[in-house]
Amino acid sequence: MNCSYVKDYEFVAIFDADFQPNPDFLRRTVPHFKDNEELGLVQARWSFVNKDENLLTRLQDINLSFHFEVEQQVNGVFINFFGFNGTAGVWRIKALEDSGGWMERTTVEDMDIAVRAHLRGWKFIFLNDVECQCELPESYEAYRKQQHRWHSGPMQLFRLCLPDIIRAKISMGKKFNLIFLFFLLRKLILPFYSFTLFCIILPMTMFIPEAELPAWVVCYIPATMSFLNILPAPKSFPFIVPYLLFENTMSVTKFNAMISGLFQLGSAYEWVVTKKSGRSSEGDLVSLVEKESKHNKGSSVPNLSEVKMETKQEKMVSKKKKKKHNRIYMKELTLAFLLLTASARSLLSAQGIHFYFLLFQGVSFLLVGLDLIGEQLD
């Protein structure tokens, strides 16, 4: 954006390194700016080349399908505002400049610029039918670090933006949406609710005979929330129970990130690039050869079958060279011990529904604590 030629252009398209936009991406996004001078951002949806790679990627796909089809799409339709996803979007350069430009004051500079642009009156459009392929992290360590950044950054930004939101010349409804729904509910209240209720209060009640939680708190509310979250990804319905258990397990990481961001602790400023395996680029070489073979009939072109065979052999060799190892996560293992002990206690006191929930949740924490979900790191 500091290059001299940028002054001759009106829009900028932004992509992360693992994103693969279709050739018609600009033809389907840029026309929305025509005759709409208040429009600052057009955001496309993400799709994932490796969503069926393992259980971890399937569970991520459920979460992100809800994010795009419900959160982004609904906010885009009703209030013309949502958090910029940092990639697969087209910005009007004037909107970026009018909002103060990119700032590195938090680890979510994409959300930062979106909030500032919204406060300046710029509108956003989300296109659910324009997809841009990318890749999900396949290891728990990479996913954990990504989620830490995604939940600590918004709390940092909330501290910085709250005075600006209160003073902004926007409606009270938009201020309520920004403060309560956009920041507090999804990034603070829900992780706090999941962590304290299911990981602390519920297991502790098993050791206090006088304390009792009704079945609707333990079973019906989380089941309903999981059902609603999984609706945008109907093919994932068989994974509704693992999804519920894993989301409760991830509440430890999210709660820790929320606290570090809210109180400006050291880990809130960590920037760790999310490791990807490169699956979104695997087909590039083969597709390039296929394209060349169509346009260069009669000329010397690489043999397509040989290219595919060489790519496959390189993958097999690299897999043999790499040694995998499991990490140990002590917080998750500690909670696994607490939950499994509480499940044994509930079995002795004949509390059936509590026993099954505590048992399965304890096993979930144990699997995550031993790094048995997703790919192991090299």
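Our subject is the structure listed above.
Definitions and limits used
- Residues numbered from 1 in each chain as written.
- Predicted model: local features only at pLDDT ≥ 70, side-chain atom pairs only at ≥ 80, totals over all residues.
- Heavy atoms only, no water.
- Helix = DSSP H or I, 4+ residues; strand = E, 2+ residues; numbered from the N terminus.
- Expected span 1.5 Å × (residues − 1).
- Buried < 20%, exposed > 50% of the residue type's maximum accessible area, 1.4 Å probe, protein only.
- Arc of directions from axis to C-beta.
- Pairing = 2+ DSSP bridges.
- Axes fitted to C-alpha atoms, helices over the stretch in contact; angles between N-to-C directions.
- Salt bridge = Lys/Arg side-chain N within 4 Å of Asp/Glu carboxyl O.
- Phe/Tyr/Trp six-rings, centres within 6.5 Å; stacked < 30°, edge-to-face > 60°.
- Core = buried A, V, L, I, M, F, W, Y, C linked by side-chain atoms within 4.5 Å.
- Contact = heavy atoms within 4.5 Å.

### Some thoughts on helix α7 (residues 215-230)
The terminal C-alpha atoms of α7 lie 22 Å apart, and with 16 residues this matches the ideal 22 Å at 1.5 Å per residue to within 8%. For α7, the complete set of buried residues consists of Val 217, Val 218, Pro 222, Ser 226, Asn 229 and Ile 230. Projected down its long axis, α7 shows its buried positions confined to an angular sector of 135°, all on one face.

### What about the sheet that holds strand β3 (residues 89-92)?
Spatially, the four strands line up as an open sheet ordered β1-β3-β2-β4, and their pairing is mixed. Two strands in the sheet have a free side with no partner beyond their single neighbour: β1 (11-14) and β4 (123-134). Taking the axes of each pair of neighbouring strands and ignoring which way they run, one obtains an average angle of 20° across the sheet. As defined by bridge partners, strand β2 (residues 39-48) adjoins β3 across three bridges and the pair is classed as antiparallel. Bridged to Gln 43 within β3 is Gly 89.

### A few points about helix α11 (residues 330-348)
Helix length check: α11 (19 residues) gives 27 Å between terminal C-alpha atoms against 27 Å at 1.5 Å per residue, within 8%. All buried positions along α11 are accounted for by Glu 332, Leu 333, Leu 335, Ala 336, Leu 339, Ala 342, Ser 343 and Ser 346.

### Some details on the pattern of salt bridges
Considering all chains together, one arrives at 16 salt bridges under this definition. One salt bridge connects Glu 141 with Arg 144, and the closest N-O pair in it is separated by 3.5 Å. Taken together, the residues span about one helical turn, with Glu 141 and Arg 144 both in helix α5 (residues 140-167) at a distance of three residues. A relative accessible area of 5% places Glu 141 in the buried class. Of the charged contacts, one joins Glu 247 and Lys 254 as a salt bridge, the two residues approaching to 3.2 Å between their closest N and O atoms. The exposure classification of Glu 247 matches that of Lys 254, with both residues buried.

### Some remarks on the pairing of β3
Every second residue of β3 is oriented toward a common face, with Gly 89 and Trp 91 on one face and Val 90 and Arg 92 on the other, all of them buried. Inspection of the sheet shows β1 paired to β3 by four bridges, in the antiparallel sense. Opposite Val 12, over in β3, you have Trp 91 as the bridge partner.

### Notes on the packing of aromatic side chains
For the coordinates displayed, the defined rule picks out 24 aromatic pairs. Ring geometry for Tyr 5 versus Tyr 9: centroids 6.3 Å apart, planes at 90°, classification edge-to-face. On the numbers, 5.6 Å between centres and 90° between planes, the contact of Phe 84 with Trp 91 is edge-to-face.

### Notes on the nonpolar core
Counting residues in hydrophobic clusters, the biggest one holds 69 residues, and the most contacted among them are Trp 91, Val 115, Phe 124, Leu 178 and Phe 183. By residue number, the principal contributor to this core is helix α6 (residues 172-205), which donates 10 residues. Among all residues touching Phe 183, those that are not within four sequence positions of it are Met 111, Val 115, Pro 154, Met 155, Leu 157, Phe 158, Ile 165, Leu 178 and Leu 188. If you look at the next biggest cluster of nonpolar residues, it comprises 13 residues, including Ile 230, Tyr 329, Val 368 and Ile 373.

### Let's talk about unusual backbone geometry
Backbone geometry at Asp 35 places phi at a positive 55°, although glycine is not the residue there. Positionally, Asp 35 belongs in the loop between α1 (25-29) and β2. Although it is not a glycine, Gln 264 sits at a positive phi angle of roughly 55°. Relative to the helices and strands, Gln 264 resides in the loop between α8 (240-262) and α9 (284-295).

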